[in-house]
Amino acid sequence: MIEAMGLRKTYGRKVAVHDLSFTVRPGIVTGFLGPNGSGKSTTMRMILGLDRPTAGSVLVDGRPFARHEAPLSSLGALLDAKAVHTGRSAEKHLRAMAATAGIPRSRVAEVVELVGLQDVAKRRAGGFSLGMGQRLGIASALLGNPSTVMFDEPVNGLDPDGILWIRNLMKSLAREGRAVFVSSHLMSEMALTAEHLVVIGRGRLIADEGVQTFIDRVRPRGVTVRSPQVEQLTELVHTAGGTISATPEGAFDVRGLTAEQIGDGALTAGIALHELTTVRASLEEAFMELTADAVEYAAHGTTTPGSAPGVASGPTTDPRTLQEVAR
Ligand SMILES: Nc1ncnc2c1ncn2[C@@H]1O[C@H](COP(=O)(O)OP(=O)(O)OP(=O)(O)O)[C@@H](O)[C@H]1O
């Protein structure tokens, strides 16, 4: 478990991280998202004690990481997979790490198998491909059987097989009850992997909430409707102030009205509907919208003056209900 409390980091006059507070809980994958330069690496470095906070503090399992007697058993981290430039074999590299940390040798074979490096464990790690290096970095992070794992951009540069492997690994580490904290630029990947999100922009907290809650903060993209009564449907939508356009799949994309409004209006007007689906924003669309100007937004639960553009309260529409329109 990671608890950041009022974390702040300045470099000269540059404020890289502003009063950041969040918790990474056990048993779930928490995604750490933010545009480039938003302070993710700086935050991770402060968690590991590699950078000292200008203010605030961060605890790993209730203590600063540096104060743990067996740090590798509390937090395992992969910050830069390319950092493993070693002339040693993967096995020797892991054995040396284990010996330094007082971890039994038998654990080396376990992690080698866990990350699927058995066949190449005796090969020089310096000659590893990016994917193999990534696996070795993860093996190093898991060596101490830590209760918390933290990975910075673990899927960068990996092929689809490697990405799938990392996704499944993260989920299984969380299922084992570990706290998993992972940053990534790949939103579609995060949507599949993470249950919870910590989102920052320009060093400030934008969201600390479930993935679906985050997505629901932006307007749905529209409503997909199928109906054999095209003319009546079109008239209904236009009269209520919505827009309607045909999709290549033979359905209609309705904007400016909710599915409930369309459904109720169609019922009153006697229009048969064969499909009525709200199209939710993707995580990527929500992320782009909510981090577009990070300074304008506040963490969930706090307010900014006026309502932040893009933060949904439902589509704007004709104040009349569609039943009224249909009558
Ligand atoms: N050692 C440093 N000296 C001065 N400024 C720094 C230093 N490290 C980071 N910064 C600045 O702090 C801000 C946050 O950087 P950081 O690397 O933490 O962001 P990030 O979210 O990890 O970005 P990316 O996704 O591009 O890796 C950036 O503006 C960066 O230029």
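The model shown is predicted, which means the values in this text are computed figures rather than measured ones.

Engineer: Talk me through the pattern of salt bridges; I want residue IDs and the actual numbers.
Structural biologist: Enumeration over the complete set of coordinates arrives at eleven salt bridges. A salt bridge links Glu 91 to Lys 122; the shortest N-O distance between them is 2.9 Å. Of this pair, Glu 91 sits in helix H3 (residues 90–101) while Lys 122 sits in the loop between helix H4 (106–114) and helix H5 (130–142); the two residues are 31 residues apart in sequence, bridging distant segments of the chain. Given a relative accessible area of 17%, Glu 91 falls into the buried group. According to the relative accessible area criterion, Lys 122 is exposed, its value standing at 65%. Ionic pairing is found between Glu 289 and Arg 221, a salt bridge with its closest N-O pair at 3.0 Å. Here Glu 289 is found in helix H11 (residues 283–290), whereas its partner Arg 221 is found in the loop between helix H8 (211–215) and strand E10 (222–226), with 68 residues between them in sequence. The class of Glu 289 is partly exposed, set by a relative accessible area of 21%.

Engineer: Quick one: what's the story with the confidence of the model for the protein, residue by residue and with numbers?
Structural biologist: Chain-level pLDDT for the protein is 86 on average; 88% of the residues reach the 70-or-more range. Across the protein, the element-wise mean pLDDT spans from 42 in helix H12 (residues 322–326) up to 97 in strand E7 (residues 179–183). A low-confidence stretch, residues 295–327 (pLDDT under 50), is modelled with 61 contacts involving residues beyond four sequence positions or located in other chains.

Engineer: How would you explain the site of the ligand if you had to name every residue and give the values?
Structural biologist: With respect to spatial proximity, the complete set of residues near the ligand consists of Tyr 11, Lys 14, Ala 16, Pro 35, Asn 36, Gly 37, Ser 38, Gly 39, Lys 40, Ser 41, Thr 42 and His 185. The contact in question runs from an oxygen atom of the ligand to an N or O atom on the backbone of Gly 37, over 2.8 Å. Separating an oxygen atom of the ligand from a side-chain N or O atom of Thr 42 is a distance of 2.5 Å. Taking 630 Å² as the accessible area of the ligand by itself, protein coverage stands at 59%. When contributions to the shell around the ligand are tallied by element, the ones reaching two or more residues are strand E2 (14–24) and helix H1 (40–47). The leading source of residues in the shell around the ligand is H1, at three residues. Looking at the shell around the ligand residue by residue, the class counts come to three nonpolar, seven polar and two charged.

Engineer: Before we move on, can you summarise the sheet that holds strand E5 (residues 75–78) with the specific residues and values?
Structural biologist: Read from one edge to the other, the open sheet built from six strands follows the order E5-E6-E7-E3-E8-E9, with strand pairing classed as mixed. The open sheet is flanked by E5 and strand E9 (204–210), the only strands paired with a single partner. Neighbour-to-neighbour, the strand axes of this sheet turn through a mean angle of 15°, independent of strand direction. Where strand E8 (residues 196–201) meets E9, six bridges bridge the pair, whose relative direction is antiparallel. Of the residues in E9, the one forming a bridge with Ile 200 is Leu 205.

Engineer: Help me get a handle on the packing of H3 against H5, residues and values and all.
Structural biologist: One way to put it is that H3 packs onto H5 with a least axis distance of 10 Å and a crossing angle of 20°. In terms of orientation, H3 lies roughly parallel with respect to H5. Every pair of crossing elements has a handedness; the one defined by H3 and H5 is right-handed. Judged by residue contacts, Ala 90, His 93, Leu 94 and Met 97 of H3 engage Leu 136, Ala 139 and Ser 140 from H5. Here the contact of H3 with H5 is built from residues that sort into five nonpolar, two polar and no charged.

Engineer: Tell me about the side chain of Arg 178, and name the residues and values.
Structural biologist: Of note, Arg 178 is situated in the loop between helix H6 (160–175) and E7. Polar contacts involving the side chain of Arg 178 include one to the main-chain carbonyl oxygen of Pro 146, which spans 2.8 Å. Excluding residues within four positions of it along the chain, Arg 178 makes contact with Pro 26, Gly 27, Ile 28, Asn 145, Pro 146, Ser 147 and Leu 173.

Engineer: Residues and numbers for the nonpolar core, please.
Structural biologist: Most often, soluble globular proteins keep nonpolar side chains buried together rather than apart. Ranked by size, the top nonpolar core spans 52 residues in total, and within it Ile 138, Phe 151, Phe 214 and Leu 283 carry the most contacts. Setting aside its immediate chain neighbours within four residues, Leu 283 contacts Leu 33, Met 187, Met 190, Ala 191, Leu 197, Val 211, Phe 214 and Ile 215. Counting residues in each nonpolar core, the second largest holds 23 residues, with Leu 20, Phe 32, Met 44 and Ile 47 among its members.

Engineer: Explain the environment of Leu 290 to me, using residue names and the numbers behind them.
Structural biologist: Looking at where Leu 290 falls in the secondary structure, it is placed in helix H11. A relative accessible area of 1% places Leu 290 in the buried class. Leu 290 sits 89 residues away from Gly 201 along the chain, and the two C-alpha atoms are 9.1 Å apart.

Scoring rules and cut-offs
- Residues numbered from 1 in each chain as written.
- Predicted model: local features only at pLDDT ≥ 70, side-chain atom pairs only at ≥ 80, totals over all residues.
- Heavy atoms only, no water.
- Salt bridge = Lys/Arg side-chain N within 4 Å of Asp/Glu carboxyl O.
- Helix = DSSP H or I, 4+ residues; strand = E, 2+ residues; numbered from the N terminus.
- Buried < 20%, exposed > 50% of the residue type's maximum accessible area, 1.4 Å probe, protein only.
- pLDDT = per-residue confidence, 0-100.
- Contact = heavy atoms within 4.5 Å.
- Near = heavy atom within 4 Å.
- Polar contact = N/O pair within 3.5 Å; in protein donor to acceptor, adjacent residues only side chain to side chain.
- Areas by Shrake-Rupley, 256 points an atom, 1.4 Å probe, with all protein chains shown as cover.
- Nonpolar A, V, L, I, M, F, W, Y, C, P; charged D, E, K, R; others polar.
- Pairing = 2+ DSSP bridges.
- Axes fitted to C-alpha atoms, helices over the stretch in contact; angles between N-to-C directions.
- Parallel < 35°, antiparallel > 145°, perpendicular 65-115°, else oblique.
- Left-handed = near helix turned anticlockwise from the far one by under 90°.
- Core = buried A, V, L, I, M, F, W, Y, C linked by side-chain atoms within 4.5 Å.

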